[in-house]
Amino acid sequence: MKKLTIFILLALFALNNYAQDEFTLVKEGDVAPDFSITLEDGSVKKLSDLKGKVVWINFFATWCPPCRKELPHLEKEVYLKLKQNENFEVLVIGREHDWETVNKFKADNNYILPFYPDVEREIFSKYAKQNIPRNFIIDKNGKIAVASIGFNEDEFNKIIEKVNELIN
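Residues numbered from 1 in each chain as written. Predicted model: local features only at pLDDT ≥ 70, side-chain atom pairs only at ≥ 80, totals over all residues. Heavy atoms only, no water.

## Some thoughts on the confidence of the model for the protein
Residues with a pLDDT of 70 or more make up 87% of the protein, whose mean pLDDT is 88. Below pLDDT 50 for its whole length, residues 5-20 participates in three contacts with residues either more than four positions away or in separate chains. (pLDDT = per-residue confidence, 0-100. Contact = heavy atoms within 4.5 Å.)

## Some remarks on the packing of helix α2 (residues 65-82) against helix α5 (residues 153-167)
It is at 11 Å that the axes of α2 and α5 come closest, and there the two elements cross at 20 degrees. On the basis of their axis angle, the class for α2 and α5 is roughly parallel. Here α2 runs over α5; the crossing is right-handed. In contact with E70, H73, L74, E77, V78 and L82 of α2, α5 contributes E153, F156, N157, I160, V163, N164 and I167. Of the residues contributing to the contact of α2 with α5, the split by class is seven nonpolar, three polar and three charged. (Axes fitted to C-alpha atoms, helices over the stretch in contact; angles between N-to-C directions. Helix = DSSP H or I, 4+ residues; strand = E, 2+ residues; numbered from the N terminus. Parallel < 35°, antiparallel > 145°, perpendicular 65-115°, else oblique. Left-handed = near helix turned anticlockwise from the far one by under 90°. Nonpolar A, V, L, I, M, F, W, Y, C, P; charged D, E, K, R; others polar.)

## Things to note about the environment of N131
By the secondary structure assignment, N131 is in the loop between α4 (124-127) and β6 (134-138). The partly exposed category is assigned to N131, whose relative accessible area is 28%. (Buried < 20%, exposed > 50% of the residue type's maximum accessible area, 1.4 Å probe, protein only.)

## Here's the deal with the pattern of salt bridges
Per the stated rule, a full pass over the model turns up five salt bridges. In this structure, a network of salt bridges that share partners links the residues K45, K53 and E89. (Salt bridge = Lys/Arg side-chain N within 4 Å of Asp/Glu carboxyl O.)

## Overview of the sheet that holds strand β3 (residues 54-60)
Read from one edge to the other, the open sheet built from five strands follows the order β5-β4-β3-β6-β7, with strand pairing classed as mixed. The open sheet is flanked by β5 (115-118) and β7 (144-149), the only strands paired with a single partner. For this sheet the average axis-to-axis angle between neighbouring strands, irrespective of direction, equals 20 degrees. Inspection of the sheet shows β6 paired to β7 by five bridges, in the antiparallel sense. Counterpart to I137 in the pairing with β7 is V146. (Pairing = 2+ DSSP bridges.)

## Brief notes about the layout of surface pockets
As a volume, the largest pocket reaches approximately 180 Å³. Along its surface, the largest pocket is lined by F35, S36, I37, T38, W99, P117, D118, V119, E120, E122, I123 and K126. Residue assignment for the lining of the largest pocket shows that the elements contributing at least two residues are β1 (36-38) and β5. Top element by residues in the lining of the largest pocket is β1. It accounts for three residues. Of the residues belonging to the lining of the largest pocket, the class tally is six nonpolar, two polar and four charged. (1 Å grid on protein atoms, 1.4 Å probe; cavity = no way out; pocket = protein on both sides within 12 Å on 5 of 7 lines; lining within 4 Å. Points joined across faces, edges and corners; volume = space filled by probe spheres on them.)

## Focus: the pairing of β3
Here β3 lies mainly inside the structure; seven of its seven residues are buried. Of the two faces of β3, the one holding V54, W56, N58 and F60 and the one holding V55, I57 and F59 are both buried throughout. Note: β3 against strand β4 (residues 88-95), seven bridges, orientation parallel. Each residue of the ladder has a partner; that of I57, found in β4, is L91. One crossover worth recording links β3 to the parallel β4 by way of α2, and it is right-handed. Examined bridge by bridge, β3 and β6 share five bridges and lie antiparallel to one another. Bridged to V55 within β6 is I138. (Right-handed = clockwise from strand over helix to strand, strands pointing away.)

As structure tokens, this is what we get:
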């Protein structure tokens, strides 16, 4: 009976990973799809302009409970520790949110993380079809070093370790 339970759990885990992977459009080792973000002042930031840096891209939504659980970790354990590093950048992208929504969310939660809107899913749709939160770590050469779905504290800590390796 114990072997059957373990088999069923492993099968469910494999199915769950497959179900998540079918919505992921890019994988680790792929060149990260380029995109542009129009900043509040009207200037434009392109991912390709950040080549030579390690870039942490986080896709979230204000209504998403796992996203809301993850963002404080992203701010405290990543952004505040690495924001002065010239070889690192964080892009927190609000899927289907506009500037008003991301700015209100940022203010309401006292974040200093850099938030950006993705009103029409133009950026998100280059990386995935659905499921958030998602994190993509882009290495200095513009390739995806880490692609993760959901929030798990142990996995998040492993991503931080990988980022620290890539920066140095």
